[in-house]
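Fold and contact review
In case you want the letters, here they are:
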Amino acid sequence: MTEATKGVWAVVLACVVWGVSSLYYKMLSHVVPIEVLAHRTFWSFVFFACVLLVQRRFSALTQVFRSLKSLGIVSFASLMIATNWFCFIYAIQVGRATEASFGYFVFPLVAVSFGVVLFQERLTLGQKVAIGLAVLAVLTLGLGQGVMPWIPLVLSMSFGIYSAVKKGLDLGPVVSVTAEVAVLLPISLSVLAFMNLSGTSNVHGDPLTFGLLMLSGPLTGMPLILFSYATKRVNLATIGILQYINPSLQFLCALLIFQEPFGAWYAIAFPMIWIALVIYSFASLRRR
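An account of the accompanying structure is given in this report. (Residues numbered from 1 in each chain as written. Predicted model: local features only at pLDDT ≥ 70, side-chain atom pairs only at ≥ 80, totals over all residues. Heavy atoms only, no water.)

**A look at the overall build of the protein**
Counting secondary structure elements, the protein contains 12 helices and zero strands. In sequence order, the secondary structure elements of the protein are arranged as α-α-α-α-α-α-α-α-α-α-α-α. Taken over the C-alpha trace, the protein has a radius of gyration of 19 Å; the compact-globule value for 288 residues is 19 Å, and the two agree within 12%. C-alpha extents for the protein along the principal axes are approximately 55 × 40 × 40 Å. Sorting the 288 residues of the protein into buried and exposed places 48% on the buried side. Sequence separation of 24 or more characterises 85% of the internal contacts of the protein that already satisfy a separation of 6 or more. By element, 71% of the accessible surface of the protein is carried by carbon and sulfur atoms, the whole surface being about 14000 Å². (Helix = DSSP H or I, 4+ residues; strand = E, 2+ residues; numbered from the N terminus. Rg over C-alpha atoms; globule rule 2.2 N^0.38 Å. Buried < 20%, exposed > 50% of the residue type's maximum accessible area, 1.4 Å probe, protein only. Contact = heavy atoms within 4.5 Å. Areas by Shrake-Rupley, 256 points an atom, 1.4 Å probe, with all protein chains shown as cover.)

Structural data, given as structure tokens:
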């Protein structure tokens, strides 16, 4: 098996884990989202810290705290990723996984838009058409529901901002994410301590739930490591297309397993975003 083929399988596996992660968070519906987020932050830090210790790279974290600029970037990135994680957990728990999948379908086009605004990247006509269709799809869904679809917008915008901010960090993905969860660690520990001391925790005395929450560390970390492995072996155009596996699986989970309603406005908005992604992918491949 060639290195490129290994890279493709790595990104496919990472996207499959991300795509079916909604099943995992659905099993934790009896735990409030803020407590799930606090556990995810803590166990992610434990997982990534262990990885860096095994790789003898833990000292690389000191690079983050050497300047106020890098610390500021990491702190802002951690705020964005925490917002993204919380919104996703909340959406799954309250039966709005369809909207969450819509947000991750929109994200690639949001990322391209940020590239234009922040980094003066140029778009082809096809890419402009794709972004226009995505905007129209979001507006259609908003008009149909009578309110702007805030879950897709928060998910796509927070992850888009997070991706843009990360461009300012000259760190590997494992080191940077470890730094991000390290910044969030005092907050997560405070939340967990408060909920346990106040008796509001849904985890205390439930070893099965506690075991599930411990899995949030590897569930967060392993796909990232696989994705990092793939980016060094597979061209970005291929990775970009394969990433659609993630929201596609989220959508199928919402529709077939959670059996969420799929109304007429969804039936209009989703095909629009799918067409936009096809146009965008074709235009990007042609440009490359």
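Once the structure has been displayed, the description carries forward.
**Observations regarding the packing of helix α8 (residues 207-214) against helix α9 (residues 216-231)**
Close contact between α8 and α9 brings their axes to 4 Å; oriented N to C, the two are set at 20°. As far as their axial angle goes, α9 and α8 are roughly parallel. In this structure, α8 uses Leu212, Leu213 and Met214 to contact α9, whose residues at the interface are Ser216, Gly217 and Pro218. Residues of the contact of α8 with α9, tallied by class, amount to four nonpolar, two polar and no charged. (Axes fitted to C-alpha atoms, helices over the stretch in contact; angles between N-to-C directions. Parallel < 35°, antiparallel > 145°, perpendicular 65-115°, else oblique. Nonpolar A, V, L, I, M, F, W, Y, C, P; charged D, E, K, R; others polar.)

**Quick word on the environment of Asp206**
The topology assignment puts Asp206 in the loop between α7 (173-198) and α8. Taking relative accessible area as the criterion, Asp206 reaches 25% and is therefore assigned partly exposed. Distance from Asp206 to Tyr25, taken between C-alpha atoms, is 16 Å for residues 181 residues apart in sequence. Of the polar contacts made by the side chain of Asp206, one reaches the side chain of Thr209; its length is 2.6 Å. (Polar contact = N/O pair within 3.5 Å; in protein donor to acceptor, adjacent residues only side chain to side chain.)

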